[in-house]
Amino acid sequence: MRKLMIPVIVVFLALLLMSMFVVPEGERGIVIRFGRVIQDDNEMSKIYEPGLHFKMPIFDRVHTLNARIQTMDGRSDRFVTSEQKDVIIDTYVKWRIEDFGQFYLATGGGNIFTAQALLERRVTDVLRAEIGSRDIKQIVSGPRNEAVLPDSPDDEIVTTEAARQALEVDGQRDQIMANVLKDTRVNASKDLGVYVVDFRMKKINLPDEISESIYRRMRAEREAVARRHRSQGRERAEVIRAQADLEVATILAEADRTARITRGQADATSAKVYADAYSKDPEFFSFLRSLQAYENSFSQKSDILVLDPKSDFFQYMNSAKGSSVK
């Protein structure tokens, strides 16, 4: 009896170990029984969370699948725009498994490389349709800026022109990525059981054979815009200079008028003072004017005057009272 107990215990332990399995952190497990995924009471694939679980030994096989967000860095591919121009676009996709049972069946046993190949094909097809309906300017440009209305008549020329230039290109790069994400998310969830978290275009390049012609055209367009801005700037400068010259002339004329009025008032006041002083003491006024005449006449040592000494000019030199010597 004891000899039979040892084999029974060994078989029991082996079956117990075979019925146990562990799902690592960051992964989910599904159990395959007779080639079919075990389902729960809601007829959905039964998903095993991280931890220790049990299964039927021998008949059940466990597959663990990565439940974290994964990155598919797609290879650069060539697309044709509505202008029949080629562009090379480099993209990447963020995705994670949403329906583990469907993912397992759709990818032939949960093969990640098969899933990425299928997902890349769907992304490429949707992106090709989006690129084919737009031109290069719309693909490489961001969202269109809102027009800014002028705050005053003086800003009307420059502001409206700048707003018009900003509205020339209706950039749809963000719209393209949003459309690709939306369409790919629906198709991938239905066919592969994965959820597309994000889609981005990392880089947009032009093939070498057409890059130079594109650059020349863009350079010519920018030079035309620069010339237009410079001509508008010169026009504005002329207007500003004319306004400044008008203001300067107005200020100078007003200042000259004020100065003339001030000088006239001062001359009138001075004449009134002299007249009042003369009327109060005519003799003193005559004496003062004679001294001023002497000072002006003999200001230089080389000055010579040929006059009659008894003339009225020397009346205060001949007599302290100012009477002429007879």
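None of these values were measured; they are calculated from a predicted model. (Residues numbered from 1 in each chain as written. Predicted model: local features only at pLDDT ≥ 70, side-chain atom pairs only at ≥ 80, totals over all residues. Heavy atoms only, no water.)

Asker: What should I look at first to understand the overall build of the protein in this one?
Answerer: Across its full length, the protein holds 9 helices and 9 strands. Put simply, 67% of the contacts in the protein that link residues at least 6 apart link residues at least 24 apart. Surface exposure of the protein reaches about 22400 Å², of which carbon and sulfur atoms provide 56%. (Helix = DSSP H or I, 4+ residues; strand = E, 2+ residues; numbered from the N terminus. Contact = heavy atoms within 4.5 Å. Areas by Shrake-Rupley, 256 points an atom, 1.4 Å probe, with all protein chains shown as cover.)

Asker: Just to check I follow, could you spell out the confidence of the model for the protein for this structure?
Answerer: Close inspection of predicted coordinates is inappropriate for parts of the model with low pLDDT. Per-residue confidence for the protein averages 79 on the pLDDT scale, and 80% of its residues sit at or above 70. Mean pLDDT values over the elements of the protein span from 43, in helix 5 (residues 156-166), up to 91, in helix 3 (residues 112-132). In this model, residues 145-169 is a region of pLDDT below 50 whose contacts with residues beyond four sequence positions or in other chains number 30 contacts. (pLDDT = per-residue confidence, 0-100.)

Asker: Just checking my understanding: could you explain the sheet that holds strand 3 (residues 36-37) for this structure?
Answerer: With antiparallel pairing, the 3 strands of this open sheet are ordered in space as 3-2-5. The sheet is open, and its two borders are formed by strand 3 and strand 5 (60-66), each paired with just one other strand. Strand direction decides the pairing type here: strand 2 (residues 27-33) and strand 5, joined by 7 bridges, are antiparallel. Residue pairing for strand 5: I30 is matched across the bridge by H63. (Pairing = 2+ DSSP bridges.)

Asker: Can you walk me through the pattern of salt bridges in this structure?
Answerer: A side chain of one charge can pair with a side chain of the opposite charge when the charged atoms of the two come close. Using the criterion set out here, one finds 12 salt bridges in the structure. Taking the shortest distance from any N to any O, the salt bridge between D77 and R128 comes out at 3.3 Å. Highlighted residues: D77 in strand 7 (residues 77-80) and R128 in helix 3, separated in sequence by 51 residues. Residue classification places R128 among the partly exposed positions, given a relative accessible area of 35%. R122 is the partner of D191 in a salt bridge, and the nearest nitrogen-oxygen pair spans 3.2 Å. (Salt bridge = Lys/Arg side-chain N within 4 Å of Asp/Glu carboxyl O. Buried < 20%, exposed > 50% of the residue type's maximum accessible area, 1.4 Å probe, protein only.)

Asker: Could you clarify how one ought to interpret the packing of helix 3 against helix 6 (residues 173-191) in this entry?
Answerer: Each pair of packed helices gets described by two things: the angle between the helix axes and the distance between those axes. Two elements in contact, helix 3 and helix 6, have axes whose closest approach is 9 Å; the angle formed by their N-to-C orientations is 145°. Viewed along their axes, helix 3 and helix 6 form a crossing whose handedness is right-handed. Facing L119, R122, V123, V126, L127, E130 and I131 of helix 3, the residues of helix 6 in contact are I176, N179, V180, D183, T184, N187, A188 and D191. Grouping the amino acids of the contact of helix 3 with helix 6 by side-chain chemistry returns 8 nonpolar, 3 polar and 4 charged. (Axes fitted to C-alpha atoms, helices over the stretch in contact; angles between N-to-C directions. Left-handed = near helix turned anticlockwise from the far one by under 90°. Nonpolar A, V, L, I, M, F, W, Y, C, P; charged D, E, K, R; others polar.)

Asker: I keep staring at the pairing of strand 2 and nothing clicks. Help me out?
Answerer: Remark: a regular strand shows side chains that alternate across the two faces of the sheet. Looking at chain direction, strand 2 and strand 3 are connected through 2 bridges and run antiparallel. Residue pairing in the sheet places I32 in a bridge with V37 of strand 3.

Asker: Honestly, the environment of L127 in this entry has me stumped. Any pointers?
Answerer: Within the element layout of this structure, L127 appears in helix 3. Between the alpha carbons of L127 and T91 there is a distance of 9.9 Å; along the sequence they are 36 residues apart. Apart from residues lying up to four places away in sequence, L127 is in contact with F79, I89, T91, I176, V180, F199 and M201.

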